[in-house]
Amino acid sequence: MADTVLFEFLHTEMVKELWAPVARRGGGMSLSVLEGLGFRVGQALAERLPQETLAFREELDVLKFLCRDLWVAVFRKQMDGLRTNHQGTYVLQDHSFPLLVPMGSGPQYLEEAPKFLAFTCGLLCGALSTLGFQSQVTASVATLPACKFQVVIQKS
């Protein structure tokens, strides 16, 4: 319980501190630093997985693993849904994303949500990279605190 609160607080402070310089400059908002941090954390988590998980060769098996085991390790809950078009595109759904729950539920908060999802996009991308799959991960929010992560596996 305490480690969950600490992670949420750390994440909120990272977003606040990394977002402030961009807002002060008046320039465009860049999420690349948050995504980069998430990417490295995702790589580190995937490197520490049990050996049997490194044997995944099918995309769908890897995504199922991320939705179940990795999501539980980070957020203490499983992902609520996984959909695929069987052509390398996957949609991961979380109806109560822990990093968005503290935000208000009004529509005025929707434009603030993407900066709270950048770290997690990087986390997923980094874990997939370590497991041998190059990907592009984007996130979207229609209603708070639900969100969707779209994962597109790059074919080599």
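The residue numbering used here restarts from 1 in each chain and proceeds along that chain's sequence as written. Thresholds applied to this predicted model are a pLDDT of at least 70 for local features of residues and 80 or more for the giving and counting of side-chain atom pairs; totals over whole chains, interfaces and linings are not thresholded and use all residues. Working from all heavy atoms in the structure, the side-chain values ignore hydrogens and water.

Looking up the protein chain in an unreviewed UniProt entry gives the name Trafficking protein particle complex subunit 6A, with the organism given as Nannospalax galili. UniProt positions are given in the numbering used here, feature names are shortened, and annotations may be inferred rather than shown by experiment. The annotation that UniProt attaches to the protein chain under Sequence similarities (unreviewed entry) is "Belongs to the TRAPP small subunits family. BET3 subfamily."

Undergrad: So what exactly am I meant to see when it comes to the packing of helix α2 (residues 32-47) against helix α4 (residues 114-130) here?
TA: Angle between the axes and distance between the axes: these two values describe a pair of packed helices. For helices, the fitted axis covers only the stretch in contact; all axes are lines through C-alpha atoms, and the angles between them, taken along N-to-C directions, range from 0 to 180 degrees. Each helix is a run of DSSP H or I of at least 4 residues and each strand a run of E of at least 2, with the numbering of both proceeding from the N terminus. Between α2 and α4, the least distance of the axes is 6 Å, while the angle of their chain directions is 40°. With respect to each other, α2 and α4 are oriented oblique. Relative to α4, α2 is oriented so that their crossing is right-handed. Residues L34, E35, L37, G38, F39, V41, G42, Q43, L45, A46 and E47 of α2 pack against K115, A118, F119, G122, L123, C125, G126, A127, S129 and T130 of α4. Geometric relationships in this document are graded by angle, where less than 35 degrees denotes roughly parallel, more than 145 denotes roughly antiparallel, 65 to 115 denotes roughly perpendicular, and other angles denote oblique. Left-handed describes a crossing whose near helix is turned anticlockwise from the far helix by less than a right angle; the clockwise case is right-handed. Here a residue-residue contact requires only that any non-hydrogen atoms of the pair lie within 4.5 Å.

Undergrad: Honestly, the packing of aromatic side chains in this entry has me stumped. Any pointers?
TA: The geometry of an aromatic ring pair comes down to the distance between the two centres and the angle between the two planes. The pairing test for Phe, Tyr and Trp rings, Trp by its six-membered ring, is centres within 6.5 Å, and the orientation test on the planes gives stacked under 30 degrees, edge-to-face over 60, and tilted for anything in between. Within the structure shown, the criterion is met by 5 aromatic pairs. Measuring from ring centre to ring centre gives 4.7 Å for W71 and F75, while their planes differ by 50°; the resulting arrangement is tilted. With W71 and F75 both in helix α3 (residues 59-75), this residue pair falls 4 residues apart, about one helical turn. Burial classes: relative accessible area under 20% of the type maximum marks a residue as buried, over 50% as exposed, and values in between as partly exposed (1.4 Å probe, protein chains only). Given a relative accessible area of 0%, W71 falls into the buried group. Relative to F97, the ring of F75 has its centre 5.1 Å away and its plane inclined at 65°; by these criteria the two rings are edge-to-face. One end of the pair, F75, is in helix α3; the other, F97, is in the loop between β2 (89-94) and α4, with 22 residues separating them in the sequence. As far as burial versus exposure is concerned, F75 and F97 are alike and both buried. Joined through ring pairs, the aromatic side chains of W71, F75, F97 and F149 make up one cluster.

Undergrad: Sorry, what's going on with the environment of E8 here?
TA: Along the polypeptide, E8 turns up in helix α1 (residues 2-25). Assessed through its relative accessible area of 24%, E8 is described here as partly exposed. Through-space distance from the C-alpha of E8 to that of F75 is 9.3 Å; in sequence the pair is 67 residues apart. Ignoring sequence-local partners within four residues, the contact set of E8 consists of P98 and L99.

Undergrad: What exactly am I supposed to notice about the pattern of salt bridges here?
TA: For side chains bearing opposite charge, pairing can occur when the charged atoms are close. Every case where a carboxyl oxygen of Asp or Glu lies within 4 Å of a side-chain nitrogen of Lys or Arg is listed as a salt bridge. By the definition in use, this model includes 5 salt bridges. A salt bridge links K77 to D80, with the nearest nitrogen and oxygen atoms 3.6 Å apart. K77 serves as the salt-bridge partner of D94, at 2.6 Å between the closest nitrogen and oxygen. Of the two residues, D94 sits in strand β2 while K77 sits in the loop between α3 and β1 (81-84), which places them 17 residues apart along the sequence.

Undergrad: Would you mind showing me how to read the side chain of E59 here?
TA: When you line up the elements, E59 lands in helix α3. With residues up to four places along the chain from it excluded, the contact list for E59 reads G88, Y90, F133, I153 and K155.

Undergrad: Looking at this model, I keep getting lost on the sheet that holds β1. Mind explaining?
TA: Strand pairs in the sheet, formed through backbone hydrogen bonds, run parallel or antiparallel to each other. Strand pairing is assigned whenever DSSP detects at least two bridges linking the two strands. With respect to topology, 4 strands assemble into an open sheet ordered β1-β2-β4-β3, the strand pairing being antiparallel. Edge positions in the sheet fall to β1 and β3 (135-140), since each of these pairs with one other strand and no more. Averaged over all adjacent pairs, the angle separating strand axes in this sheet is 20°, with direction ignored. As paired elements, β1 and β2 share 4 bridges and run antiparallel to each other. When the bridges of β2 are listed, G81 appears paired with Q93. Where α3 meets the sheet, its contacts fall on β1, β2 and β4 (147-153), and the angle it forms with β2 comes to roughly 15°.

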